[in-house]
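Spelled out from the first residue to the last, the chains are:
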Amino acid sequence: MDHASCSGQQDPRRSLMTILVIGATGRVGRHVVEQLVTRDASVRVLTRDPAKAAFPAGVDVAKGDLLDIDSLRAAFVGVRTLFLLNAVTGDEFTQAIVTLNVAREAGVDRVVYLSVFEADRAVNVPHFAVKSGAERMLEAMNFGATILRPAYFIDNEAMVKDVILQHGVYPMPIGGKGVAMVDARDIAEVAAIELIRRDRAPDKLPIETINVVGPETLTGEDVAAIWSDVLGRPIAYGGDDPSGFEQNMATFMPRWMAYEMRLMAERYVSDGMIPETSDRERLANMLGRPLHDYRETAVRLASA
């Protein structure tokens, strides 16, 4: 039964058009909202602090929190399709489970969920294991969903830019296997394409999983070489030992989160994030353009 068409006094045709974006203020989410607006979608965002949320005109901003059930239920009124991006928090799994339950209760069964590359394999990394659990929930509860599994975000390099520029070291212990780093703009555009496809389909579509990767699989040495070239001076790779990385992260994030980041880095070193060739072809075909590469971000961060 589709409950979306009987949500209060709204025009049912209008109610079926709304896409709810959760996680709209972060690196990926902001781009998702912009991409949806350019595609003439009706968009609502859920945010804790609407005053700080500078979204494009026409975006409906709902105030709320994923653990505030009343505000979450209100946000789902008139929604047919959900984009779910859970921030890395101590209660991320609870937030994901609650949100998907409230979505189902509201009659929403069209979802694009932001997971992570090889979520089902890296189960010792807490925020990867959470996403694997949410993927299982989407399947078990019979949602129509696109599960996006992005690799490491190139945009995260903004956090280590100062170390690179001031100390001549690339400090992320990503190892020698290779990581197919991806630009947040590419993740967001793929998400928007899938949200529109599912929202406008006459019926719920089957579950699909898409690996969202960048155009190159880069090792720590490769990344240091790109920075050396961009800056015109030698940049060294800081090596594979994650202990210094954990200590550095702990200076600006909670200790438990810094430890999570260490576990994630150990996963990069042991396994990398290595896509199939078909992953890149699929993405380029979806986007109708080449994927953004690492150098582009390095040049932007260096010039900023």
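Everything numeric in this text was worked out from a predicted model, so none of it was measured. (Residues numbered from 1 in each chain as written. Predicted model: local features only at pLDDT ≥ 70, side-chain atom pairs only at ≥ 80, totals over all residues. Heavy atoms only, no water.)

1. Observations concerning the overall build of the chain
No. 1: In terms of regular secondary structure, the chain is built from 12 helices and 9 strands.
No. 2: As displayed, the chain offers around 13200 Å² of accessible surface, 51% of which is attributable to carbon and sulfur atoms.
No. 3: On the chain, the mean spot of the 33 positive side-chain charges and the mean spot of the 42 negative ones are 3 Å from each other. (Helix = DSSP H or I, 4+ residues; strand = E, 2+ residues; numbered from the N terminus. Areas by Shrake-Rupley, 256 points an atom, 1.4 Å probe, with all protein chains shown as cover. Lys, Arg positive; Asp, Glu negative; His and termini not counted. Charge placed at Lys NZ, Arg CZ, Asp CG, Glu CD.)

2. Re unusual backbone geometry
In most cases, non-glycine residues show a negative phi, while peptide bonds are predominantly trans.
No. 1: Of note in the backbone geometry, Asp-40 takes a positive phi value of approximately 60 degrees without being a glycine.
No. 2: Note that Asp-40 resides in the loop between helix H2 (29–38) and strand E2 (42–47).
No. 3: Here Glu-118, not a glycine, exhibits a phi torsion of approximately 55 degrees, which is positive.
No. 4: In this fold, Glu-118 is placed in the loop between strand E5 (110–114) and helix H5 (126–140).

3. Here's the deal with the packing of aromatic side chains
No. 1: If you walk through the whole model with that rule in mind, you get 2 aromatic pairs.
No. 2: On the numbers, 5.7 Å between centres and 85 degrees between planes, the contact of Tyr-152 with Tyr-268 is edge-to-face. Of the two residues, Tyr-152 sits in the loop between strand E6 (144–150) and helix H6 (161–167) while Tyr-268 sits in helix H10 (residues 255–271), which places them 116 residues apart along the sequence.
No. 3: For Tyr-268, a relative accessible area of 2% gives the class buried.
No. 4: Here Trp-227 and Tyr-294 contribute two aromatic rings whose centre-to-centre distance is 6.5 Å and whose plane-to-plane angle is 85 degrees, an arrangement assigned as edge-to-face. Remark: Tyr-294 occurs in helix H12 (residues 294–303) and Trp-227 occurs in helix H8 (residues 220–231); sequence separation between them is 67 residues. Tyr-294 shares its class with Trp-227; the two are buried.
No. 5: Here the basic side chain of Arg-30 rests over the ring of Phe-55, its NZ or CZ set 5.4 Å away from the ring centre. (Phe/Tyr/Trp six-rings, centres within 6.5 Å; stacked < 30°, edge-to-face > 60°. Buried < 20%, exposed > 50% of the residue type's maximum accessible area, 1.4 Å probe, protein only. Lys NZ or Arg CZ within 6 Å of the ring centre and 35° of its normal.)

4. A look at the confidence of the model for the chain
No. 1: Per-chain confidence: the chain averages 92 in pLDDT, with 94% of residues scoring 70 or above.
No. 2: Counting contacts from residues 1–16, a segment whose pLDDT is below 50, to residues more than four positions away or on other chains yields 24 contacts. (pLDDT = per-residue confidence, 0-100. Contact = heavy atoms within 4.5 Å.)

5. Points about a negative patch on the surface
No. 1: A contiguous patch of negative charge on the surface is contributed by Glu-221, Asp-222, Asp-240 and Asp-241.
No. 2: By relative accessible area, Asp-241 is classed as exposed at 53%. (Patch = residues over 30% accessible without salt bridge, like charges linked within 9 Å, V, L, I, M, F, W, Y side chains within 5 Å. Salt bridge = Lys/Arg side-chain N within 4 Å of Asp/Glu carboxyl O.)

6. Considerations on the pattern of salt bridges
No. 1: Tallied over the full model, the rule gives 24 salt bridges.
No. 2: With its nearest N and O atoms 3.1 Å apart, the salt bridge here joins Glu-208 to Arg-197. Of this pair, Glu-208 sits in strand E8 (residues 208–212) while Arg-197 sits in helix H7 (residues 184–200); the two residues are 11 residues apart in sequence, bridging distant segments of the chain.
No. 3: Classification of Glu-208 by relative accessible area gives partly exposed; the value is 27%.
No. 4: The partner of Arg-295 in a salt bridge is Asp-229, and the shortest N-O contact between them spans 2.8 Å. Taken together, the positions of Arg-295 in helix H12 and Asp-229 in helix H8 put the pair 66 residues apart, joining distant regions of the chain.
No. 5: It is possible to trace a salt-bridge network through shared partners that takes in Arg-39, Asp-186, Glu-189 and Arg-289.

7. Thoughts on the side chain of Thr-146
No. 1: Its location among the elements puts Thr-146 in strand E6.
No. 2: The class for Thr-146 is buried, based on a relative accessible area of 0%.
No. 3: A polar atom in the side chain of Thr-146 sits 2.6 Å from the side chain of Glu-194.
No. 4: Beyond its immediate sequence surroundings of up to four residues, Thr-146 is in contact with Val-111, Val-112, Tyr-113, Glu-194, Arg-197, Arg-198, Glu-208 and Ile-210. (Polar contact = N/O pair within 3.5 Å; in protein donor to acceptor, adjacent residues only side chain to side chain.)

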